[in-house]
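What follows is each chain in one-letter form.
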Amino acid sequence: MTRRTEQRRLAAVATAALAVIVVTSFAPVDSQAAPVAAPAAPTAVVAPVVPAPAPKPATVRTPPRASTAVKAAAIAPYRAGTPAYAKWWARRIMATRFHWAASSQYQCLVRLWQRESNWLVSAYNSGSGATGIPQAVPGSKMRSAGADWRTSAVTQVRWGLGYIKRVYGSPCGAWSHSQAHGWY
């Protein structure tokens, strides 16, 4: 018996007992009748609490992995493929994966990638072969972050932030280098 069912049963018993007390206390008094004994206080029968059996492990079939872009599109407040979408994911990944929560780091990243690619997934520099939001040379390097590196802002941002962390330590470090040398 579940705890909720037990509580309901006890409440019903208490209500019934209270009704008996109320009815007998307002009954007319007959002086010649035998005295009425007060009703006994209701006693609750408490069943021992038996823990529910542990559920059997179910065989769960995992669905095939959805691409990062599909998962991202389901959650992000911006339309996939827009610079706002890429910036939203960058801020989220910076805070959760790289622990760069300071807005100054985010602003450095915004300036850096605005200069490099205007935050466009499809950005391509024919002179250098730099590709995507972080302008990876060659673009196929981003494959290490996901097979959808050509079309996914999330994959490109993830790879770009990892590159910045390895080489410059932080987005502001990369922005400083870019200011001094014209590239990062």
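Predicted coordinates in areas of low pLDDT are best not read in detail. Here the protein averages 80 in pLDDT, while 62% of its residues score no lower than 70. When pLDDT is averaged over each element of the protein, helix α5 (residues 153–168) comes out on top at 97 and helix α2 (residues 68–75) at the bottom at 54.

Here the focus is the packing of helix α4 (residues 103–117) against helix α6 (residues 171–181). Packing of α4 against α6 brings their axes to within 8 Å, and their N-to-C directions diverge by 40°. Judged by the inter-axis angle, α4 sits oblique to α6. For the pair α4 and α6, the sense of crossing is left-handed. From α4, Ser 104, Gln 105, Cys 108, Leu 109, Arg 111, Leu 112, Arg 115 and Glu 116 reach across to α6, where they touch Pro 171, Cys 172, Ala 174, Trp 175, Ser 178 and Gln 179.

Two elements in contact, α4 and α5, have axes separated by 13 Å at closest approach and are oriented at 110°. Here α4 lies roughly perpendicular to α5, going by the angle between them. Regarding α4 and α5, the two cross each other, and that crossing is right-handed. On the side of α4, the interface is formed by Leu 109, Leu 112 and Trp 113, while α5 contributes Val 157, Gly 160, Leu 161 and Ile 164. For the contact of α4 with α5, the class distribution of residues is 6 nonpolar, 1 polar and no charged.

This part is about unusual backbone geometry. Note that the residue after Val 137, namely Pro 138, is joined by a cis bond; omega there is -15°. Structurally, the position occupied by Pro 138 is in the loop between α4 and α5. The backbone of His 99 sits at a positive phi, close to 60°, despite the residue not being glycine. Within the element layout of this structure, His 99 appears in the loop between α3 (83–96) and α4. Positioned with a positive phi, Trp 119 is a non-glycine residue whose angle comes to about 65°. Judged by relative accessible area, Trp 119 falls into the buried class, the value being 1%.

Our focus in this paragraph is the side chain of Gln 135. Mapped onto the elements of the fold, Gln 135 is located in the loop between α4 and α5. Of the polar contacts made by the side chain of Gln 135, one reaches the backbone oxygen of Gly 132; its length is 2.7 Å. Setting aside anything within four residues of it in sequence, one finds Gln 135 in contact with Glu 116, Ser 117, Ala 123, Tyr 124, Asn 125 and Ala 130.

Definitions and cut-offs
- Residues numbered from 1 in each chain as written.
- Predicted model: local features only at pLDDT ≥ 70, side-chain atom pairs only at ≥ 80, totals over all residues.
- Heavy atoms only, no water.
- pLDDT = per-residue confidence, 0-100.
- Helix = DSSP H or I, 4+ residues; strand = E, 2+ residues; numbered from the N terminus.
- Axes fitted to C-alpha atoms, helices over the stretch in contact; angles between N-to-C directions.
- Parallel < 35°, antiparallel > 145°, perpendicular 65-115°, else oblique.
- Left-handed = near helix turned anticlockwise from the far one by under 90°.
- Contact = heavy atoms within 4.5 Å.
- Nonpolar A, V, L, I, M, F, W, Y, C, P; charged D, E, K, R; others polar.
- Buried < 20%, exposed > 50% of the residue type's maximum accessible area, 1.4 Å probe, protein only.
- Polar contact = N/O pair within 3.5 Å; in protein donor to acceptor, adjacent residues only side chain to side chain.

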